[in-house]
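The residues making up each chain are set out below.
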Amino acid sequence: MTSVYLGSWVHTCTIFSQATRSRSISSRVSIPLRYSNPKPALSISAILTKEEQSRRQDQNEPKPPFNFKSYMVQKANSVNQALDDAVSLRDPQKIHEAMRYSLLAGGKRVRPVLCLAACELVGGVESMAMPAACAVEMIHTMSLIHDDLPCMDNDDLRRGKPTNHKVFGEDVAVLAGDALLAFSFEHIAVSTPNVSPARIVRAIGELAKAIGTGGLVAGQVVDINSEGLGSEQVDIERLEFIHLHKTAALLEAAVVLGAILGGGNDAEVEKLRNFARCIGLLFQVVDDILDVTKSSHELGKTAGKDLVADKVTYPKLMGIEKSREFADKLKREAKEHLVGFDPQKAAPLIALAEYVANRQN
């Protein structure tokens, strides 16, 4: 399974929002105030005008641009704290050490941030989606632990560190992944605050579908069965099926869970689902490009492993330039699905689309 970990920052996005200008016109009422000593008459209209002018200046002052890097750091810190609290070091100690080793190994936490951003976009608050955001990251971590095993991709390096089975052994690595998978559902079920049971159940169903034989597992199986086959047998439709299920499904789940738990209506949930599918496929196209254009040091993982495994990738089928054009198309389509939402609340998702498209590791 191809890793979709995000490494060091290379691109940050700045989304400018225009402040709304007020067109209200004050009515002036002049009332002289008399004093015992002769003084010039002071009109209330002058005072009101000064106050209104000050207010207008505040309204007309452009709002600061959206700071994507600051937003991601703040959200990632919140997610890291929540993950640390959720998976504490307790008995049996070794299994929890193995779970925490991979879960807290770093990363920009794009999936959980997508979950939180979608929740806030539809009117929810961060706390409503945080358990689901953590659950998605637990499942993503599980997939990486299992992906690195000798029976799968047989990798020694993940996020710049030895893979889980290299540190704890294959047996414990398998169990650590299993434990994270099981706990992810428990965490949503028992820790989600201020959300109706119906929405929690719906979210759990979406997550289960995303990682089962209708999602992550389906994509992985077809990917394994496609290894060693040439481009004559693996066409662009089959490649898209693999990545829509293996990579995009969990990203889609992250966004959809956030929208459901944040109180989004069906139309909003579906618009965000389509946005996430574009982002998920974009993620994989960029990942395929980086795999053949970057070194292991730059990626923080083994470079060129798809080529060694003789896997069909977008660059292999389309070439590097056509793959980059396809990535640009997916980015544009993703942004189009956000039309109609509050531009300020949508700014994090727009910036995330730019980041996914322009990432360098």
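Note that the coordinates shown come from a computational prediction; the quantities given were computed from them, not determined experimentally.

Caption draft 1: Region of the structure containing the overall build of the protein. Assigned secondary structure in the protein consists of 17 helices and four strands. By residue count, 49% of the 361 residues in the protein fall in the buried class. Counting contacts in the protein only where the partners sit at least 6 residues apart, residues at least 24 apart contribute 77% of the total. A total accessible area of about 17,000 Å² is found for the protein, and carbon and sulfur atoms account for 54% of it.

Caption draft 2: Examining the layout of surface pockets more closely. The computed volume of the largest pocket comes to approximately 260 Å³. As for the largest pocket, its lining consists of 13 residues, and the residues nearest its centre are Lys209, Gly214, Ala249, Glu252 and Arg277. Residue assignment for the lining of the largest pocket shows that the elements contributing at least two residues are α8 (197-211), α10 (236-246), α11 (248-261) and α12 (266-293). Looking at the lining of the largest pocket element by element, the count peaks at four residues for α11. Grouping the constituent residues of the lining of the largest pocket by class yields five nonpolar, three polar and five charged. Taken as a whole, the second largest pocket spans an internal volume of roughly 220 Å³.

Caption draft 3: Quick look at the packing of aromatic side chains. Under the definition given, this model contains four aromatic pairs. Seen in terms of ring centroids, Phe68 and Tyr355 are 5.9 Å apart; in terms of plane orientation they differ by 45 degrees. Their pairing is tilted. In this pair, Phe68 is assigned in helix α2 (residues 68-86) and Tyr355 in helix α17 (residues 343-358), connecting sequence segments 287 residues apart. The exposure class assigned to Tyr355 is buried, which follows from its relative accessible area of 1%. Relative to Phe168, the ring of Tyr101 has its centre 5.5 Å away and its plane inclined at 75 degrees; by these criteria the two rings are edge-to-face. Separated by 67 residues along the polypeptide, Tyr101 in helix α3 (residues 93-103) and Phe168 in helix α6 (residues 164-168) bring together distant segments of the chain.

Caption draft 4: Summary view of the pattern of salt bridges. Within this structure, the stated rule accounts for 20 salt bridges. Between Glu270 and Arg273 there is a salt bridge; the shortest N-O distance is 3.2 Å. Here Arg273 and Glu270 lie together in helix α12, a separation of three residues that amounts to about one turn. Salt bridges linked by common partners bring Glu206, Glu252, Glu270, Arg273 and Arg277 together as one network.

Caption draft 5: Region of the structure containing empty space enclosed by the protein. Enumeration according to the criterion identifies four cavities of 30 Å³ or more in this entry. Reported here for the largest cavity is a volume of approximately 120 Å³. If you go around the largest cavity, you meet 13 residues; those closest to its centre are Ser102, Ala105, Ile145, Asp148 and Arg158. Where the lining of the largest cavity is concerned, the elements lending two or more residues are α3, α5 (126-147) and β4 (161-162). For the lining of the largest cavity, the leading source of residues is α5, giving three residues.

Caption draft 6: Examining helix α4 (residues 110-121) more closely. Taking 1.5 Å of rise per residue, 12 residues should cover 16 Å, and α4 covers 16 Å from first to last C-alpha, within 8% of that figure. Across the 12 residues of α4, 11 count as buried, placing the element largely inside the fold. Taken as a whole, α4 has its buried residues at Val110, Arg111, Pro112, Val113, Leu114, Cys115, Leu116, Ala117, Ala118, Cys119 and Leu121. Here the buried face of α4 lies against α2, α5, α11, α12 and α17. The first or second residue beyond α4 is Gly123, which carries a positive phi of 105 degrees.

Caption draft 7: View of helix α16 (residues 320-336). If you check α16, its first and last C-alpha atoms are 25 Å apart, about what 17 residues at 1.5 Å a residue would give, namely 24 Å. Listing the buried residues of α16 in full gives Ser323, Phe326, Ala327, Leu330, Lys331 and Ala334. Looking straight down α16, one finds that the buried residues subtend no more than 145 degrees of arc, so they occupy a single side. Every exposed residue of α16 that faces more than 90 degrees away from the buried side is listed here: Glu321 and Glu336. Residues of α16 that are buried sit in contact with α10, α12, α15 (314-318) and α17.

Caption draft 8: Quick look at the packing of α4 against α11. Viewed as axis vectors pointing N to C, α4 and α11 meet at an angle of 30 degrees, and their least axial separation amounts to 6 Å. Between α4 and α11, the interaxial angle falls into the category roughly parallel. The handedness of the crossing between α4 and α11 is right-handed. Listed contacts from α11 to Arg111, Leu114, Cys115, Ala118 and Cys119 of α4 are Leu250, Leu251, Ala254, Val255, Leu257, Gly258 and Ala259. A per-class count over the contact of α4 with α11 returns 10 nonpolar, one polar and one charged.

Caption draft 9: How the structure looks around the confidence of the model for the protein. With 77% of its residues at a pLDDT of 70 or more, the protein has an overall mean of 83. Taken element by element, the predicted model of the protein shows its lowest mean pLDDT in strand β1 (residues 14-15) (38) and its highest in helix α7 (residues 170-191) (98). Ignoring residues within four places in sequence, the model shows residues 1-48, a span with pLDDT below 50, making 100 contacts including any to other chains.

Rules and cut-offs
Residues numbered from 1 in each chain as written. Predicted model: local features only at pLDDT ≥ 70, side-chain atom pairs only at ≥ 80, totals over all residues. Heavy atoms only, no water. Helix = DSSP H or I, 4+ residues; strand = E, 2+ residues; numbered from the N terminus. Buried < 20%, exposed > 50% of the residue type's maximum accessible area, 1.4 Å probe, protein only. Contact = heavy atoms within 4.5 Å. Areas by Shrake-Rupley, 256 points an atom, 1.4 Å probe, with all protein chains shown as cover. 1 Å grid on protein atoms, 1.4 Å probe; cavity = no way out; pocket = protein on both sides within 12 Å on 5 of 7 lines; lining within 4 Å. Points joined across faces, edges and corners; volume = space filled by probe spheres on them. Nonpolar A, V, L, I, M, F, W, Y, C, P; charged D, E, K, R; others polar. Phe/Tyr/Trp six-rings, centres within 6.5 Å; stacked < 30°, edge-to-face > 60°. Salt bridge = Lys/Arg side-chain N within 4 Å of Asp/Glu carboxyl O. Expected span 1.5 Å × (residues − 1). Arc of directions from axis to C-beta. Axes fitted to C-alpha atoms, helices over the stretch in contact; angles between N-to-C directions. Parallel < 35°, antiparallel > 145°, perpendicular 65-115°, else oblique. Left-handed = near helix turned anticlockwise from the far one by under 90°. pLDDT = per-residue confidence, 0-100.

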